[in-house]
Amino acid sequence: MQPPPTTRDPAEPFREREPIVVLEDFTVRYGKFTAVDRASFKMPHGACGLLGQNGAGKSSILKAVLGLVRPAGGSARVAGFDAVRDGLALRDHVGYMPEKEAFLPGLSGLDSVILAGRLSGLPKGVAKQRAHEVLWLVGLDEARYRDVAGYSLGMKQKVKLAMALVHDAQLLFLDEPTNGLDPEGRAEILALLRDVVRVKNKSLILSSHILADVEAICEHAVLIDHGRIVAQGSIDALTRGVARSYDVRAEGAVDAFERRLREAALLVDVVAPVDGHDVLASERASLQVQLAEGQGTEIVFELARSVGANIRRFEPKRRTMSDVFLETVRANAGVRA
Amino acid sequence: MTTIHDFGLRGYDGGRVGVVDRVLAITTTELRRVFSKRLFLMFFFAALAPAIIAFVFVWIRFIVIEGSGQLVGFGNGMNRMGGDAGPVGRSIFGVDFFFDILRGGSTALTLIYSGVVGAGIIARDRAAGALEIYFTRGIRPLAYFLGKLLAVWFLLLCQVLFGYLVVWIFAVSVAPTDSNYFATTWPFIPRLIAAQSFFCLTLAFWLVALSTSTDSVRFAVLRWIGVLAALRIIAGVLNRFLMTPETNLLSPHQVVKRIAQAIAGAEPSSMSLSSALVVWGILCVLALIWARRHLRPVEVVG
């Protein structure tokens, strides 16, 4: 029997049901230094965050999945291509948005995107047409005819995104796409990325230190520390509620309710509302309640009733990606020690 | 806020072009970028000075003097200019006139011009972070290097060959039929094209290779012009003391010029051709190693 092909024919469309990135025991070494140590993960179609501290191995993984690094061991399949054997063909079907300032000097936004398309194998006419379309898509209108060197940081990020998209990439690698942007620019790029994933059905790998960005865009995350993958899974699973910990908001006799919770040793913390940022519960503090093993949630409602407070919100407390990241890195540091 | 509409970001399932088209995309984009700069255009036309001088001499020789004879009686000097001899005693019927009209002066101009147009070609990309864009596309560093090399080669050819070819075509078209100008000159034109192409390609190769190691355009330009000028001066000084033409082997552009002279069949300098070939080979290998060492995607990306 003939063995199955290890890489994809570039002419064949990629089947979206397959995981878009599959790393198996992938190891990258630079001399004696091991940058990635037997990394294995399967990334389904969609958006995935790649998280790790500086020097954790994120860049090495990005280079590996772009087919730029020859691994010391293991295999990497990206968008159906063998990243080790078919790096060139692979890079025609993925897009990369670098973290650092990167533009083609002396070229307008339009010419930059056209050249990016042609370097990815688009015929000249097609590259030109798609460059106009994708620049319109990212919101660069008349500015597309100006030299990129004169663009604002936000506009440069948009051109980089347009260059990553122009050749119909199935998978985007985004390295700190909101780095240095003002809040408005950041929101704009995040909205674009969300649309690219959800409306245009592209996959992306987002490497970012801004964990809120990862939570805003991605459904999955991979945490890497000292070259090892220390956690992976859906964001939903990773941030799932801390056992028996609840976020409670009440109205009425809130002070008395808070006192009763404290007396019952249920209150862990009180998070004061930020002015103007919590319109629905602007006058309510968030009471962080932790129940003991075997304790029912009714006790909280009884305490509220006993002092005349009304509970308006009662929900399991979720961890943020920041919590997950810090907990995982600390735990891994303990293991290594 | 930008929103996505059905227009834009369409799928593409057409074919992808090969490596040659991608290399040419880099070359043509580079040329368009260079020729769109007013400063470059001014410099470009200034660098065409030898060809313009050649044009003037052909014009005086074949139109003013042979034609209406307006300059007859203007003195011996003007008549000499209009004679067979060119500006520095070179016959406009010989290959040397088209190879280096100003006897080394053209080469000096070429070196400065090459430094300005080519020495910073990759340094500029490195400074702007463009290498990260190139190397994460479906091209190898070699294709990127070739794209830049072709652009610099073409720019150098514009300066050292195309201007002279225009002059030659002009001379052929205006020369009196009894001068046999075409019959005398056309046999060396293919060799001249080959020689100047070789000269420009070698210079372009060294320029682009050297340009890979820095992100400062100014440094790259000064390094190229400074190092070549210094080596030329050192070679000249040593030549005076040692009285041997082989000291010119220290000067890379003298080396490549010697080989080009041999290809063109021009009057050779006294340096040995075989020694020049050996030095040329060594310099090309060193340039290749230098470029490979500095154009590594793994160090550029991420």
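This structure is a prediction, so every number in the text was calculated from the model and none was measured.

A few points about the sheet that holds strand β2 (residues 33–43) of chain A
Residue and element names in this part refer to chain A.
Okay, step 1: Spatial ordering of the open sheet is given by β2-β1-β4-β5, a layout of 4 strands whose pairing is antiparallel. A single partner strand is all that each edge strand has here, and the edge strands are β2 and β5 (81–82).
Okay, step 2: Relative to β5, strand β4 (residues 73–78) runs antiparallel, the two being bridged by 2 bridges. Bridging from a neighbouring strand, Val78 pairs with Phe81 of β5.
Okay, step 3: Where helix α1 (residues 58–65) meets the sheet, its contacts fall on β1 (21–30), β2 and β4, and the angle it forms with β1 comes to roughly 115°.

Some points on the environment of Val126 of chain A
Okay, step 1: As for its placement among the helices and strands, Val126 of chain A is situated in helix α4 (residues 124–138).
Okay, step 2: When its relative accessible area of 25% is taken as the criterion, Val126 of chain A is described as partly exposed.

So, the sheet that holds strand β13 (residues 286–290) of chain A
Each strand in a sheet pairs with its neighbour through backbone hydrogen bonds, running either in the same direction (parallel) or in the opposite one (antiparallel).
All names here are of chain A.
Okay, step 1: Read from one edge of the open sheet, 4 strands run β12-β13-β11-β14, paired in antiparallel fashion. Whereas interior strands pair on both sides, the edge strands pair on one side only; in this sheet they are β12 (267–271) and β14 (309–316). Sheet twist, expressed as the average angle between the axes of neighbouring strands with direction ignored, equals 25°.

Structural notes on empty space enclosed by the protein
Okay, step 1: Tallying each qualifying case throughout the model produces 2 cavities of 30 Å³ or more.
Okay, step 2: Roughly 120 Å³ of volume is contained in the largest cavity.
Okay, step 3: Around the largest cavity sit 13 residues that line it, and Phe99, Ser106, Thr110, Val160 and Gln196 of chain B are the ones nearest its centre.
Okay, step 4: In terms of lining residues, the second largest cavity is bounded by Leu104, Pro105, Leu107 and Leu115 of chain A together with Thr29, Glu30, Arg33, Asp125, Tyr134 and Lys148 of chain B.
Okay, step 5: A per-element tally of the lining of the second largest cavity places helix α1 (residues 19–35) of chain B first, with 3 residues.
Okay, step 6: For the lining of the second largest cavity, the class distribution of residues is 5 nonpolar, 1 polar and 4 charged.

Brief notes about the interface of chain A and chain B
Okay, step 1: Contacts between the two partners involve 54 residues from chain A, matched on the other side by 43 residues from chain B.
Okay, step 2: Summing both sides of the interface, chain A and chain B together bury roughly 4400 Å²; the carbon and sulfur share of this comes to 62%.
Okay, step 3: Counting every contact that joins chain A to chain B gives 3 salt bridges.
Okay, step 4: Residue Arg10 of chain B pairs with Glu133 of chain A through a salt bridge whose shortest N-O separation is 2.8 Å.
Okay, step 5: Only α1, α2 (87–91), α3 (109–119), α4, α5 (153–165) and α6 (183–198) of chain A provide two or more residues apiece to the side of chain A that touches chain B.
Okay, step 6: Ranked by the residues each element gives to the side of chain A that touches chain B, the list is headed by α4 of chain A, at 8 residues.
Okay, step 7: Residues belonging to the side of chain A that touches chain B are distributed by class as follows: 30 nonpolar, 8 polar and 16 charged.

Quick notes on the rules
- Residues numbered from 1 in each chain as written.
- Chains lettered and ligands numbered in written order.
- Predicted model: local features only at pLDDT ≥ 70, side-chain atom pairs only at ≥ 80, totals over all residues.
- Heavy atoms only, no water.
- Pairing = 2+ DSSP bridges.
- Helix = DSSP H or I, 4+ residues; strand = E, 2+ residues; numbered from the N terminus.
- Contact = heavy atoms within 4.5 Å.
- Axes fitted to C-alpha atoms, helices over the stretch in contact; angles between N-to-C directions.
- Buried < 20%, exposed > 50% of the residue type's maximum accessible area, 1.4 Å probe, protein only.
- 1 Å grid on protein atoms, 1.4 Å probe; cavity = no way out; pocket = protein on both sides within 12 Å on 5 of 7 lines; lining within 4 Å.
- Points joined across faces, edges and corners; volume = space filled by probe spheres on them.
- Nonpolar A, V, L, I, M, F, W, Y, C, P; charged D, E, K, R; others polar.
- Buried area = accessible area lost by both parts, 1.4 Å probe.
- Salt bridge = Lys/Arg side-chain N within 4 Å of Asp/Glu carboxyl O.

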